[in-house]
There are 2 protein chains.
Amino acid sequence: MLSTIAIEEKILGKNDELAALNRTRFDAAGVFVVTLSGSPGGGKTSLLERIVPRLAPGWRVAVIEGDVATARDGERIAALGVPVAQIVTNGTCHLNAGMVARALDRAGVLDADLLFLENVGNLVCPAAFGLGEHERVVVMGATEGEDKPLKYPAMFRKADAMVLNKVDLAAFTPVDLDAFETYARQVRPGLPVFRTSCTTDEGIEEWIAWLTDRRQSWRATPSAR
Amino acid sequence: MLSTIAIEEKILGKNDELAALNRTRFDAAGVFVVTLSGSPGGGKTSLLERIVPRLAPGWRVAVIEGDVATARDGERIAALGVPVAQIVTNGTCHLNAGMVARALDRAGVLDADLLFLENVGNLVCPAAFGLGEHERVVVMGATEGEDKPLKYPAMFRKADAMVLNKVDLAAFTPVDLDAFETYARQVRPGLPVFRTSCTTDEGIEEWIAWLTDRRQSWRATPSAR
């Protein structure tokens, strides 16, 4: 169920306008859309591998994967048996709304109840390009260090939640998880934070509960449909 | 000894031309220049904290730090007692040659025997912007996963060496360090790799030996001066 899209031509039009069009399509189709962004190797794909099988019995889940090169992440998600569209940006450092728009025509994507957009691994550039999603989640590896929200503030300023992943490794590093949260909320007051581990399963259920709750709120909003 | 440079205006001129000018200045001043690039939180600053005190007795060392926001890394290096210029890009996702050119006028930078340029944490964009350096080192955290060279090939294609850091954490994660090296050399045949840990000190001496050797080779090249 993996399909691959190579982005070769220059995407035309303003990103924000295309993002608003995407949002209209998501709302019309009844698809709740969550973007995952963060540094390379923070665990975005691994988290999807953890949560998609738990969500899939109740919901139709689909994923759009964004990568600079290779369809490796798309292949990992396709192995879960859900529809995946792999966008290969051929060097571009972030997804943009036009790339996502093209991927929405791929089989199964707009039939989903919940669609994940996994951005290119990059803590800087994706912050500037809204995709039309309903929620933006920044995924951080605890091993990256607690100062990252201060050093890369744009991504946190735009985030609706932070998943602080790999917390099982924190004990073996000097990272201060409380300071990590404090700094993130210094940039984005009130930011919900989920401390997770794909190894121990810590925090996975709490994050799923938040996703479920956010989707319920969206469905309850008349303007959303 | 920390000085901060805020990049506000648009840097004019082509990056490659400015990089060539930087190289001319480095060679004329007798400064050997090494750029460190890689994802956020891979350990670039921590590695400098490890190696600068060991290099400093024999060599004059200086550092130019590049960050999207804050002078935190510059402050960490300044605490080592060597000249540091902190470039704050105010959102720009990579250093460019023009930013570096401006920092070269800061006290002590061109008096160094060895100058490190620490790029913005980003595994994508910095690959496209040469700074005039003599050697480019990509610094990876082992916890980022062995597939990263294949997924972000441009950075590895341009690299002269890879420092595979945080190897002390590898035992607690599914990462395959041999595959990490294999993939990196698939992208960049013959790439020297140093497996390091700032916690256990593993590999630090080997990497210093490589830096020393590369600097000797540069000094032995008539055209370099």
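Since the structure is predicted, the reported quantities are computational estimates derived from the model, not experimental observations.

Definitions and limits used
- Residues numbered from 1 in each chain as written.
- Chains lettered and ligands numbered in written order.
- Predicted model: local features only at pLDDT ≥ 70, side-chain atom pairs only at ≥ 80, totals over all residues.
- Heavy atoms only, no water.
- Helix = DSSP H or I, 4+ residues; strand = E, 2+ residues; numbered from the N terminus.
- Rg over C-alpha atoms; globule rule 2.2 N^0.38 Å.
- Buried < 20%, exposed > 50% of the residue type's maximum accessible area, 1.4 Å probe, protein only.
- Contact = heavy atoms within 4.5 Å.
- Areas by Shrake-Rupley, 256 points an atom, 1.4 Å probe, with all protein chains shown as cover.
- Lys, Arg positive; Asp, Glu negative; His and termini not counted.
- Charge placed at Lys NZ, Arg CZ, Asp CG, Glu CD.
- Least-squares fit on C-alpha atoms with pLDDT ≥ 70 in both.
- Expected span 1.5 Å × (residues − 1).
- Arc of directions from axis to C-beta.
- Buried area = accessible area lost by both parts, 1.4 Å probe.
- Salt bridge = Lys/Arg side-chain N within 4 Å of Asp/Glu carboxyl O.
- Polar contact = N/O pair within 3.5 Å; in protein donor to acceptor, adjacent residues only side chain to side chain.
- Nonpolar A, V, L, I, M, F, W, Y, C, P; charged D, E, K, R; others polar.
- Pairing = 2+ DSSP bridges.
- 1 Å grid on protein atoms, 1.4 Å probe; cavity = no way out; pocket = protein on both sides within 12 Å on 5 of 7 lines; lining within 4 Å.
- Points joined across faces, edges and corners; volume = space filled by probe spheres on them.
- Axes fitted to C-alpha atoms, helices over the stretch in contact; angles between N-to-C directions.
- Left-handed = near helix turned anticlockwise from the far one by under 90°.

Draft legend 1. Region of the structure containing the overall build of chain A. From N to C terminus, chain A includes eight helices and eight strands. Compactness check: chain A gives a C-alpha radius of gyration of 16 Å against a globular reference of 17 Å for 225 residues, within 12% of the reference. The burial tally for chain A puts 61% of its 225 residues in the buried class. For chain A, the share of sequence-separated contacts (at least 6 apart) that also reach a separation of at least 24 residues comes to 74%. Surface summary for chain A: the accessible area is close to 8,400 Å², and the carbon and sulfur share equals 51%. Distance from the positive charge centre (25 side chains) to the negative charge centre (29 side chains) of chain A: 4 Å.

Draft legend 2. Representation of the relation of the copies chain B and chain A within the structure. Once turned by 180 degrees and shifted 0.0 Å along the axis, chain B lies on chain A with an RMSD of 0.0 Å. A rotation of that kind, with that shift, is consistent with a two-fold axis. Both copies contact each other with a shared surface, as 100% of the interface residues of chain B are interface residues in chain A too.

Draft legend 3. Summary view of helix H8 (residues 204–220) of chain A. Residues and elements named next belong to chain A. For H8, built from 17 residues, the straight-helix expectation of 24 Å at 1.5 Å per residue is met to within 8% by its first-to-last C-alpha distance of 24 Å. When H8 is considered as a whole, its buried residues turn out to be Ile 204, Trp 207, Ile 208, Trp 210, Leu 211, Arg 215 and Trp 218. On an axial view of H8, the arc spanned by its buried residues comes to 155 degrees, and they lie on one face.

Draft legend 4. Quick peek at the interface of chain B and chain A. Taken together, the contact between chain B and chain A spans 32 residues of the former and 32 residues of the latter. Taken over both partners, the interface formed by chain B and chain A buries close to 2,500 Å², and the fraction arising from carbon and sulfur atoms is 60%. By the criterion of area lost to chain A, the three top residues of chain B are Pro 40, Arg 72 and Lys 151 of chain B, representing 23% of everything that side buries. For the interface between chain B and chain A, the tally reads four salt bridges. Where chain B packs against chain A, one counts eight residue pairs in polar contact (both at pLDDT 80 or more). Where the side of chain B that touches chain A is concerned, the elements lending two or more residues are helix H3 (72–78) and helix H5 (148–151) of chain B. Each residue belonging to the side of chain B that touches chain A can be placed in one class, and the counts come to 14 nonpolar, eight polar and 10 charged.

Draft legend 5. The arrangement of the pairing of strand E5 (residues 114–118) of chain B in detail. Residues and elements named next belong to chain B. Across the five residues of E5, five count as buried, placing the element largely inside the fold. Burial of the side chains of E5 extends over both faces: Leu 114, Phe 116 and Glu 118 are buried on one face and Leu 115 and Leu 117 on the other. Pairing geometry for strand E2 (residues 32–37) and E5, over five bridges, is parallel. Bridge pairing in E5 places Phe 32 opposite Leu 114. Looking at chain direction, strand E3 (residues 61–67) and E5 are connected through five bridges and run parallel. Bridge assignment links Ala 62 to a residue of E5, and that residue is Leu 115.

Draft legend 6. Region of the structure containing empty space enclosed by the protein. A full pass over the atoms with the stated rule returns three cavities of 30 Å³ or more. Within this model, the largest cavity holds a volume of roughly 90 Å³. Lining the largest cavity are 14 residues, with Thr 35, Ser 37, Pro 126, Arg 136 and Met 155 of chain B sitting closest to its centre. Of all the secondary-structure elements, those providing two or more residues to the lining of the largest cavity are E2 and strand E6 (135–141) of chain B. Among the elements that line the lining of the largest cavity, the one with the most residues is E6 of chain B, at three residues. A per-class count over the lining of the largest cavity returns eight nonpolar, three polar and three charged. In this structure, the second largest cavity is lined by 15 residues; those nearest its centre are Thr 143 and Glu 144 of chain A together with Pro 40, Thr 143 and Glu 144 of chain B. Partitioned by chemical class, the residues of the lining of the second largest cavity number two nonpolar, nine polar and four charged.

Draft legend 7. Region of the structure containing the packing of helix H2 (residues 44–55) of chain B against helix H8 (residues 204–220) of chain B. Residues and elements named next belong to chain B. At a minimum axis distance of 11 Å, the contact between H2 and H8 shows a crossing angle of 65 degrees. Pair H2 / H8 crosses with right-handed handedness. Side by side, H2 and H8 meet where Leu 47, Arg 50, Ile 51, Arg 54 and Leu 55 of the first sit next to Ile 204, Glu 205, Trp 207, Ile 208 and Leu 211 of the second. Of the residues in the contact of H2 with H8, the class split is seven nonpolar, no polar and three charged.

By themselves, these observations are geometric and do not establish any function.
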